[in-house]
Amino acid sequence: MKNVAGIFLLIMLLASLNASAQSAKVPPLKIVQSNGELFRAHNLPMDKPIIIVYFSPGCDHCDILTKELLRKQEAFRKASVVMVTWQPVEIVATFVQQYQLAKHRNIYVGTEGTSFFVKNYYKIEHMPFMALYTKNGDFVQRYSDETKLPALLQQLGKLN
């Protein structure tokens, strides 16, 4: 019986180490963009830092974040920005059109639908949420609640 308990504990330890290793890299997310195309994490260019933003098109704080991101686009041009929501593609398309996001080649916007993979991966409770990764896909920092872009920009500056 002790051997079974020991093996179980060993399996649990290895599983938790594996989960920690997974969280240190960009998650294998996939979103449907406003044009209906599927976009996956492995499609991201790996020559610049990555910012993952979880948002809702109807969220006031998310709108403020998007406007601020576009105002400071020159600084964010050095990164790939993936904006993920659970809202339907039609709502994503309206959001993309409203902010003219399609003309920014480094911004990828889409829906994960009801899979909630990204939301569950990061255990997101408040929006907007952001996660910053290096150009090699290594996790740097997460930003949640009332995210302050200056802190993100400062960290992003260190990566370039």
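Whatever comes next refers back to the structure up there.
Residues numbered from 1 in each chain as written. Predicted model: local features only at pLDDT ≥ 70, side-chain atom pairs only at ≥ 80, totals over all residues. Heavy atoms only, no water.

Moving on, we get to the side chain of glutamine 33. With respect to the helices and strands, the residue glutamine 33 is situated in strand 1 (residues 30-33). Once residues lying within four places of it in the same chain are set aside, the contact partners of glutamine 33 are Phe39, Val89, Tyr108, Val109 and Gly110. (Helix = DSSP H or I, 4+ residues; strand = E, 2+ residues; numbered from the N terminus. Contact = heavy atoms within 4.5 Å.)

Moving on, we come to the nonpolar core. Ranked by size, the top nonpolar core spans 25 residues in total, and within it Ile51, Met83 and Val109 carry the most contacts. Counting residues per element, the ones that place at least two in this core are strand 3 (50-54), helix 2 (60-71), strand 4 (80-85), helix 4 (89-98), strand 5 (107-111), strand 6 (129-133) and helix 6 (149-159). Among the elements that make up this core, the one with the highest residue count is helix 6 (four residues). If sequence neighbours within four positions are ignored, methionine 83 has contacts with Ile31, Val53, Phe55, Thr66, Phe95, Leu101, Ile107, Tyr108, Val109 and Gly110. Of all hydrophobic cores here, the second largest spans 18 residues; its members include Leu29, Tyr108, Ile124 and Ala131. (Core = buried A, V, L, I, M, F, W, Y, C linked by side-chain atoms within 4.5 Å. Buried < 20%, exposed > 50% of the residue type's maximum accessible area, 1.4 Å probe, protein only.)

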